[in-house]
Amino acid sequence: MDKLLQYGRELLELELHEAQKLPARLGESFVKACQLILSTKGKVVVSGIGKSGHIGKKIAASLASTGSPAFFMHPSEALHGDLGMVTENDVVILISYSGRAKEFQFILPILAAMNIPVIAITGGLDSPLALAAQAVLDISIEKEACPMGLAPTSSSTNTLMMGDALAIAVMRARGFKEEDFARSHPAGSLGAKLLNHVKDIMRKGDLIPRVPQSATVLDAMLELSRTGVGLVAICQDDNKIVGVFTDGDLRRLLLKHGTLHDNIVDVMTSPGHQIPETWKAVEALKSFNDHNITAAPVVNNHGELVGALNIHDLHQAGIS
């Protein structure tokens, strides 16, 4: 067990030692790489083979989700038709630690003929890849963390970190915001919080609990039972809300020896807390928490009742 811990710690220490050299290497070439991505009218095409290819897929995914449309192209597939996906408006990131990947020897002349700029992520600063690129990102290392020096470890970590630095620098330069990120992650929790509005998840139509001003407590209780929202909106004829009556109000009324035949306007809470339909769902949740409530009627810009929302609706939509 002690040996296993030792092996793991040695690897991490070696990778961290190599990675600590990266910040000092960022300079004009890094800026050029960022500018190429920011100015491209097309997509960022990322390519690499072996472990570089695996890291390349992650870099392409990071770019795509942070505002820079990108995709991964396998070098071998590129030589058998996929180069047709690359257009003159694109920029290409080629990843090879040695800078001498055989496939790139065929790809580079084609990209040059199309005037497509190349960003090289490599440790071979005098390699054919580096010499052909418009921007070179140096990921060179002194030693792999693999004790045999065979498996890419420190070099692949450097590649990943350099790709992250590139993607996030470009993202920040674009002014990319949480809302932008959420649009490319609509099924995630962040997407649910930032993209969903109250009008998207509120209860509508017959699911809205409402009674007129002429209703009794019994009428309101039956509406509470029918809809299960936790409250009833008491409305004028023009659908404007004059008050609300909740499950808690009903319990308190009965404890005070009120009757089911009492007029609802005499026991309702007026005007009651209301939620605008234009709010984001996360704003509604905060409002619920701030007012220590679990449900509220939803109104439009004219103050008319258009829906109802409770805490369970928010949780089911992934808002928590």
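What counts and how
- Residues numbered from 1 in each chain as written.
- Predicted model: local features only at pLDDT ≥ 70, side-chain atom pairs only at ≥ 80, totals over all residues.
- Heavy atoms only, no water.
- Buried < 20%, exposed > 50% of the residue type's maximum accessible area, 1.4 Å probe, protein only.
- Helix = DSSP H or I, 4+ residues; strand = E, 2+ residues; numbered from the N terminus.
- Pairing = 2+ DSSP bridges.
- Right-handed = clockwise from strand over helix to strand, strands pointing away.
- Arc of directions from axis to C-beta.
- Contact = heavy atoms within 4.5 Å.
- Axes fitted to C-alpha atoms, helices over the stretch in contact; angles between N-to-C directions.
- Salt bridge = Lys/Arg side-chain N within 4 Å of Asp/Glu carboxyl O.
- Core = buried A, V, L, I, M, F, W, Y, C linked by side-chain atoms within 4.5 Å.

## Quick word on the pairing of strand 3 (residues 91-95)
Put simply, side chains in a regular strand alternate between the two faces of the sheet.
Point 1. Counting buried positions along strand 3 yields 5 of 5 residues, so the element is predominantly enclosed.
Point 2. Judged by which residues are buried, strand 3 turns out to be covered on both faces: V91, I93 and I95 on one side and V92 and L94 on the other are all buried.
Point 3. Pairing between strand 1 (residues 44-48) and strand 3: 5 bridges, direction parallel. Each bridged residue has a counterpart across the sheet, and for G48 the counterpart in strand 3 is I95.
Point 4. Bridge count for strand 3 against strand 4 (residues 118-122) is 4 bridges, and the pairing is parallel. Note that in strand 4 the partner of V92 across the bridge is V118.
Point 5. Running through helix 6 (residues 102-113), the crossover from strand 3 to the neighbouring parallel element strand 4 is right-handed.

## A look at helix 12 (residues 217-227)
Point 1. Among the residues of helix 12, those classed as buried are V217, A220, E223, L224 and T227. The arc that holds every buried residue of helix 12, seen down its axis, measures 120 degrees, which confines them to one face. Relative to its buried face, helix 12 has exposed residues pointing more than 90 degrees away, namely L222 and S225.
Point 2. Buried residues belonging to helix 12 abut strand 6 (210-212), strand 7 (231-235), strand 8 (241-246), helix 13 (247-255) and helix 14 (264-267).
Point 3. Positive phi shows up at G228, right after helix 12, with a value of about 70 degrees.

## Some remarks on the sheet that holds strand 6
Point 1. With mixed pairing, 3 strands are arranged side by side in an open sheet as 6-7-8. At either end of the open sheet lies a strand with only one pairing partner, and these are strand 6 and strand 8. Mean inter-strand twist for the sheet, computed between neighbouring axes without regard to direction, equals 30 degrees.
Point 2. Here strand 7 runs beside strand 8; their pairing, made up of 5 bridges, is antiparallel. Pairing of V232 across the sheet is with F245, part of strand 8.

## Some words on the pattern of salt bridges
Point 1. Counted under the stated rule, the structure contains 8 salt bridges.
Point 2. A salt bridge links R226 to E223; the shortest N-O distance between them is 2.9 Å. With a gap of 3 residues between them, R226 and E223 both fall in helix 12, about one helical turn apart.
Point 3. Residue classification places R226 among the partly exposed residues on the basis of a relative accessible area of 47%.
Point 4. On the basis of relative accessibility, which here comes to 12%, the residue E223 falls in the buried class.
Point 5. Beyond isolated ion pairs, a larger network of salt bridges with shared partners links E18, K21 and E142.

## Quick look at unusual backbone geometry
Point 1. Look at the link from S270 to P271: it is a cis peptide, with omega at 5 degrees.
Point 2. For P271, the position within the fold is in the loop between helix 14 and strand 9 (275-276).
Point 3. A positive phi angle, close to 70 degrees, is found at N239, a residue other than glycine.
Point 4. Take N239: it is sitting in the loop between strand 7 and strand 8.
Point 5. Taking the relative accessible area as the measure of exposure, N239 reaches 22% and is therefore partly exposed.
Point 6. In this structure, H257 takes a positive phi of about 70 degrees despite not being glycine.
Point 7. H257 sits in the exposed class, given a relative accessible area of 71%.

## Focus: the nonpolar core
Point 1. One finds I37, V44, L63, I93, I119, L137 and L166 to be the most contacted residues of the largest nonpolar core, which totals 25 residues.
Point 2. With 5 residues, the top contributor of residues to this core is helix 3 (residues 28-39).
Point 3. With residues up to four places along the chain from it excluded, the contact list for V44 reads I37, L63, P69, A70, F71, V91 and I93.
Point 4. Counting residues in hydrophobic clusters, the runner-up holds 17 residues, among them M73, L83, V86 and L129.

## A closer look at the sheet that holds strand 5 (residues 135-138)
Point 1. Spatial ordering of the open sheet is given by 2-1-3-4-5, a layout of 5 strands whose pairing is parallel. Taken across any chain shown, the strands that pair with only one partner, and hence form the sheet edges, are strand 2 (70-72) and strand 5. Sheet twist, expressed as the average angle between the axes of neighbouring strands with direction ignored, equals 20 degrees.
Point 2. Against the sheet, helix 6 contacts strand 1, strand 3 and strand 4, and its axis sits at roughly 160 degrees relative to strand 3.
Point 3. Of the strands in this sheet, strand 3, strand 4 and strand 5 touch helix 8 (residues 154-174), which is tilted by about 130 degrees from strand 5.

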